[in-house]
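Here are the chains, one letter per residue:
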Amino acid sequence: MTRAGLTAERLTLAAAELADEVGFENVTISALARHFGVKDASLYSHVRNARDLRVRVAALALTELADRAAAALAGRAGRDALAAFADAYRNYAKQHPGRYSAAQLELDPQTDTVAADAARRHAELTRAILRGYRLAEPDQTDAVRMLNSTFHGYVSLERAGGFRHHPRPVDDSWARTVDAVDAVLRNWPAPVSAADQKPPG
């Protein structure tokens, strides 16, 4: 591959593919330069530094994930929407493990604007599901955090082999997890008042 063919977009896609192959944490300017058979300096006219490259990969991953989630949610509501969203999330993590890791990168909304916008779009899709359960603030934000924690936790443990010690199929447990989350969302607990929190006596 020639140096003349390099662009920021091409480098970002190659870095995303490299992340899926060797892990997002191993994507560096040097690794990408070796992939293209050029010197490190050749890449700096297209990306500012390693942080810029990583943020670009995160933006790509978040956009792809949001696109998948949006397609999965089309025409669905309630548990069907929740399950479609959850499956899109999990399948993306399984198919693109490096990109999925990139999507977890901590972003600065002031400087990482493209990636931050993609992250906000993904968050809004999550809130669209929750509106189907008639959750208002601050319950909606609490539910967003619960969904993200539950799905990310399951996916991370599955990827790490954390469920291999038991013969129960992980797909069956995943379906029951979605059922459980649906049940919680349909029966969201009322807030506890300050008076209720006071110890007796």
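Residues numbered from 1 in each chain as written. Predicted model: local features only at pLDDT ≥ 70, side-chain atom pairs only at ≥ 80, totals over all residues. Heavy atoms only, no water.

## Thoughts on the confidence of the model for the protein chain
Per-residue confidence for the protein chain gives a mean pLDDT of 92, with 94% of residues at or over 70. Of all secondary-structure elements in the protein chain, the lowest mean pLDDT belongs to helix 9 (residues 194–197), at 57, while helix 8 (residues 170–186) reaches the highest, 98. (pLDDT = per-residue confidence, 0-100. Helix = DSSP H or I, 4+ residues; strand = E, 2+ residues; numbered from the N terminus.)

## Some details on the environment of serine 173
By the element assignment, serine 173 lies in helix 8. A C-alpha to C-alpha distance of 9.7 Å links serine 173 and tyrosine 154, two positions 19 residues apart in sequence. Residues within four places of serine 173 in sequence aside, it is in contact with Tyr154 and Arg168. (Contact = heavy atoms within 4.5 Å.)

## Regarding the packing of aromatic side chains
Where two aromatic rings form a pair, the distance of their centres and the angle of their planes describe that pair. One pass over the full model with this rule turns up five aromatic pairs. Their ring planes at 50° and their centres at 6.3 Å tell us that tyrosine 89 and phenylalanine 151 sit as a pair that is tilted. Placement of the pair is tyrosine 89 in helix 4 (residues 78–95) and phenylalanine 151 in helix 7 (residues 139–159), with a sequence separation of 62 residues. A residue is classified by how much of its surface remains accessible, and tyrosine 89, at 6% relative accessible area, is buried. Site record: aromatic cluster; members linked through ring pairs are Tyr89, Tyr100, Phe151, Tyr154, Phe163 and Trp174. Across from the ring centre of phenylalanine 24, 4.2 Å away, lies the NZ or CZ of arginine 54, which sits over that ring. (Phe/Tyr/Trp six-rings, centres within 6.5 Å; stacked < 30°, edge-to-face > 60°. Buried < 20%, exposed > 50% of the residue type's maximum accessible area, 1.4 Å probe, protein only. Lys NZ or Arg CZ within 6 Å of the ring centre and 35° of its normal.)

## Some thoughts on the side chain of histidine 96
Looking at where histidine 96 falls in the secondary structure, it is placed in the loop between helix 4 and helix 5 (97–103). Of the polar contacts made by the side chain of histidine 96, one reaches the side chain of aspartate 20; its length is 2.9 Å. Those residues in contact with histidine 96 that lie beyond four places of it in its chain are Asp20 and Arg68. (Polar contact = N/O pair within 3.5 Å; in protein donor to acceptor, adjacent residues only side chain to side chain.)

## Topic: the packing of helix 4 against helix 6 (residues 113–131)
Running from amino to carboxyl end, helix 4 crosses helix 6 at an angle of 150°, the nearest separation of the two axes being 9 Å. Put simply, helix 4 runs roughly antiparallel to helix 6. The two elements helix 4 and helix 6 cross, and the hand of that crossing is left-handed. Side by side, helix 4 and helix 6 meet where Ala81, Leu82, Phe85 and Tyr89 of the first sit next to His122, Leu125, Thr126 and Ile129 of the second. Class assignment for the residues of the contact of helix 4 with helix 6 results in six nonpolar, two polar and no charged. (Axes fitted to C-alpha atoms, helices over the stretch in contact; angles between N-to-C directions. Parallel < 35°, antiparallel > 145°, perpendicular 65-115°, else oblique. Left-handed = near helix turned anticlockwise from the far one by under 90°. Nonpolar A, V, L, I, M, F, W, Y, C, P; charged D, E, K, R; others polar.)

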